[in-house]
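Structural features, examined
So you can see what is in the structure, the chains are spelled out below.
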Amino acid sequence: MAYKFPSEEWIAEFGKAINANEEYKRTAATWEGPVALIFNAEPAIGLDEDFCVWADLWHGECREIKKVTLEEAQKAPYVIRGSYANWKQVVQGRLGPVKGMMQGKLKLKGNLPTIMKYVKASDELVKCAAKVPSEFLDE
Amino acid sequence: MGYDRSLSFIFRCPTKIVFGEGVAGDVGNEVDELGGKRAMIITDKHLVETDLYRQVEKALGRRYVGTFSAVEPDTGVHIVNEGTDTARKLNVDCLVSIGGGSVIDTAKGIAIPLKEGGRLEDYDGFQLLTEPAVPHIAIPTTAGTGSEVTFAAIIKDHQEKRKLVFANTYIIPNVALLDPLMTVGMPPHLTASTAMDAMSHAVESMHTSERIPISDAFALHAIHLIVNYLPGVMEDGNDLLARGQMLIAACIAGAAMSNTHVGLVHALAHSVGGRFGVPHGIANSILLPHGILYNLDACPEIYAAIARALGVDIRGMSDEDAGKKAADAIWELTKKAGLPQKLSEVGVPENGLEEIADLAISDGAIVYNPKPMDPEENLKVLKQAW
C-alpha cells in the first residue's frame, strides 16, 4: 500500500522506518533534539498550506513524529524547509539533504556544524523515507 | 579523473572578478554599478593605518560614509553585530571589505542583518536568506582563503565558544577587486601559509567525494599557479606579477572549494587549530601531503593529475607513484617557503594527537573524504605528520 506524500499516515510510517533502522540508531546515538521539516505550500498540486512535520529524535530513536502547525514547527532548534519537488527528490534518494542545502534547494535553520556532524545519520533518515511506499501529489 | 552518469551538480560563482594592478582604485565605479550611494569600509586596526586603506577611502570619494575597523582574527558574532550597528547608524547601502578572510567574512556577516533586520545569530543556518544581502565589494589583502568568492562566513560565537557557519548563496560578494598592489606588504611567512591554504582548497576540492568537473578545472590551474609563482613571491615580495598570480590562484581555489567540499586535511587542520591554536594555513600545509598519501589508494588518478599540475614529469609512472610524487612536490614547495614540516614544530604535543583525532571525527569535512575515516585512521595520519 502506498501512502500519500506528505500525509499523517506517511509520516507515521516514516517514524516506524526510523526506529527499525539499526544504522540510524548507531550514527545518531548522540543526537538530541527535535527536527522540523516543512514542505512549502503548493496549491497547484493540492498542498494548500505548508505541511509541517515535527520529529522528536533522541539518541538514535524517533520518540514521536507528528504533523504540526507552521508556528510550532518554527520553534524546533533545527528546521529544514523546501519545495515539494525538492523534498520529493530527497525522498526518492535522488538528492542528499546536505547536497540539497549546498545547492540552495533546502534551507536549514539551526547550527550547521552540528548538522554536519550527523551527515551519515541524515543519509540514513533519507533511506528510511525511501522505504515508505509513496504516492506523490504531482504524479 | 572520470565521472559516471550519476554526476549532477550546480556550479555557482556569481562574483564579478576584477583583476589588475591598481584596480582597488576603481572601487567607486563598482559602488555606483551596484547602485550604492553610502559605502562603509570594513577592515582591521592595522590595515586602517596603511596607505592601501587610504587609497581606497579616497577612491570612494563622496560615496564614503565611514569605517568599521574593529575586526580581529577569528572574527566573532559580537564584532559583526557591532559593525551592523555602525552601518545602521550611517545608513549604509554598500560594504567594502579590505583585508583577509576574517575581514571579508565579517562583511559577509554584516550584510545579512543589515538587509534582513535583527542580529546575526538570528540567521544561523544554511541557505536561509530569500533575497540578496547588502551589496559587498571585497578587496583581499592576502592570497589564501578565497573568501571573496565563497558562500560561507565562519564567525565564532565567543560567548558560547562555538563556531557558526553562515552559508548562503546571497552572501557571496558581488565584486572581488584582485589588486596585486594590495598584497605587496604581506610578510613572507603569511604569504607562504596563506598560499598553502589555497593549495589545500584546490587539492581537497579535487579529492572530495563531491568533486565536480568545473571545480577540477579551477583547482588544477590554481595548483599550477601556486607551484610556479610562490617561489618568486617568496624571493621578492614586490614581484607584482607573482603577487597577482597568487591572488588569482587563491580566488579560483576558493571558487572550486565553495562548490564542492573539503576532506580529511581540513577536518584535521580545524581540530589542530581549534585545540592548539595552529594557524589554519600552517596546519593545512603540514597535513596536506600526509592526506594525499593516506588517500592515495582511493583516488590515485586524481593525485596523478595533481602531480602533473605541480609540474612533476609523470611519464611512465603508475598513478600511485605519481601521487607519491605529488606529496613530495608539496613538501619541496613548503620547505623552500620556510614553512614548518611537522606538527611537533608548531606546538602540538604528542599526547594531544588522540584528542585531535577524536575531535576531527565530528568535523563536517571528514565525511567527504575519499576514504571513510575514524579516530584510529585519523591518528595514523596525525602520527605521520607529527
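The name given to chain B in an unreviewed UniProt entry is Iron-containing alcohol dehydrogenase, with the source organism recorded as candidate division NPL-UPA2 bacterium Unc8. The Sequence similarities (unreviewed entry) field of the UniProt record for chain B holds the comment "Belongs to the iron-containing alcohol dehydrogenase family."

Naming follows an unreviewed UniProt entry, where chain A appears as SCP2 domain-containing protein of candidate division NPL-UPA2 bacterium Unc8.

Turning our eyes to something else, we now look at the overall build of chain B. Of the regular secondary structure elements, chain B holds 13 helices and 9 strands. C-alpha atoms of chain B, sized along the principal axes, occupy 60 × 45 × 45 Å. By residue count, 58% of the 386 residues in chain B fall in the buried class. Working note: accessible area of chain B is about 15000 Å², and carbon and sulfur atoms make up 50% of it. Of the charged side chains in chain B, 32 are positive and 49 negative; the average position of the first set lies 2 Å away from that of the second.

Let us now look at the side chain of Gln-341 of chain B. Residue and element names in this part refer to chain B. Looking at the element boundaries, Gln-341 is found in the loop between helix H11 (319-336) and helix H12 (353-361). A distance of 3.2 Å separates the side chain of Gln-341 from the side chain of Thr-334, its partner in a polar contact. Non-local contacts of Gln-341, meaning those with residues more than four positions away in its chain, are made with Ile-286, Trp-331, Thr-334, Lys-335 and Ala-385.

Another aspect to go through is the interface of chain B and chain A. With 26 residues of chain B at the contact, the number on the chain A side is 19 residues. Here chain B and chain A share an interface that buries about 1900 Å² over both sides, 60% of which is from carbon and sulfur atoms. When the buried surface of chain B facing chain A is broken down by residue, Phe-126, Gln-127 and Val-367 of chain B rank first, second and third, together holding 29% of it. At the junction of chain B with chain A, the criterion picks out 0 salt bridges. Where chain B meets chain A, there are 8 residue pairs in polar contact (both at pLDDT 80 or more). When residues in the side of chain B that touches chain A are grouped by element, the largest group, 5 residues, is from strand S8 (residues 162-167) of chain B. Tallied by class, residues from the side of chain B that touches chain A come to 11 nonpolar, 9 polar and 6 charged. Direction of pairing for strand S6 (residues 106-109) of chain A relative to strand S5 (residues 125-126) of chain B: antiparallel, over a ladder of 2 bridges. Bridging from a neighbouring strand, Lys-109 of chain A pairs with Gly-125 of chain B of S5 of chain B.

With that out of the way, let us pick up the UniProt feature "domain: Alcohol dehydrogenase iron-type/glycerol dehydrogenase GldA" (unreviewed entry) in chain B. Within the UniProt annotation, "domain: Alcohol dehydrogenase iron-type/glycerol dehydrogenase GldA" (unreviewed entry) is assigned to residues 14-180 of chain B. When the span residues 14-180 of chain B is considered, its composition is 28% helix and 28% strand, and the gap between its end C-alpha atoms is 22 Å.

In the UniProt entry, the feature "domain: SCP2" (unreviewed entry) is given for residues 52-120 of chain A. As annotated, residues 52-120 of chain A comprises 38% helix and 35% strand, and the C-alpha atoms at either end are separated by 23 Å.

Before going further, it helps to examine the environment of Glu-376 of chain B. Residue and element names in this part refer to chain B. Within the fold, Glu-376 resides in helix H13 (residues 375-385). Accessibility expressed as a relative area gives 61% for Glu-376, which makes it exposed. Taking the C-alpha atoms as reference points, Glu-376 and Asn-284, separated by 92 residues in sequence, lie 20 Å from one another.

So, on to the sheet that holds S5 of chain B. One open sheet accounts for 8 strands, arranged S4(A)-S3(A)-S2(A)-S5(A)-S6(A)-S5(B)-S8(B)-S7(B); its pairing is mixed. Either end of the sheet is taken by a strand with one partner, and the two such strands are strand S4 (61-68) of chain A together with strand S7 (152-157) of chain B. Bridge count between S5 of chain B and S8 of chain B: 2 bridges; the pairing is parallel. Residue pairing in the sheet places Phe-126 of chain B in a bridge with Ala-167 of chain B of S8 of chain B. Lying on the sheet, helix H1 (residues 8-19) of chain A is in contact with strand S2 (32-39), strand S3 (51-58) and S4 of chain A; it crosses S4 of chain A at an angle near 170°.

Moving on: the packing of helix H8 (residues 264-276) of chain B against H13 of chain B. Residues and elements named next belong to chain B. At a minimum axis distance of 12 Å, the contact between H8 and H13 shows a crossing angle of 75°. The orientation of H8 with respect to H13, classified from their angle, is roughly perpendicular. In this structure, H8 contributes Leu-264, Leu-268 and Val-272 to the contact, and H13 contributes Asn-378, Val-381 and Leu-382. Within the contact of H8 with H13, the residues separate by chemical class into 5 nonpolar, 1 polar and no charged.

About the thresholds
Residues numbered from 1 in each chain as written. Chains lettered and ligands numbered in written order. Predicted model: local features only at pLDDT ≥ 70, side-chain atom pairs only at ≥ 80, totals over all residues. Heavy atoms only, no water. UniProt positions renumbered as here; feature names shortened; annotations may be inferred. Helix = DSSP H or I, 4+ residues; strand = E, 2+ residues; numbered from the N terminus. Buried < 20%, exposed > 50% of the residue type's maximum accessible area, 1.4 Å probe, protein only. Areas by Shrake-Rupley, 256 points an atom, 1.4 Å probe, with all protein chains shown as cover. Lys, Arg positive; Asp, Glu negative; His and termini not counted. Charge placed at Lys NZ, Arg CZ, Asp CG, Glu CD. Polar contact = N/O pair within 3.5 Å; in protein donor to acceptor, adjacent residues only side chain to side chain. Contact = heavy atoms within 4.5 Å. Buried area = accessible area lost by both parts, 1.4 Å probe. Salt bridge = Lys/Arg side-chain N within 4 Å of Asp/Glu carboxyl O. Nonpolar A, V, L, I, M, F, W, Y, C, P; charged D, E, K, R; others polar. Pairing = 2+ DSSP bridges. Axes fitted to C-alpha atoms, helices over the stretch in contact; angles between N-to-C directions. Parallel < 35°, antiparallel > 145°, perpendicular 65-115°, else oblique.

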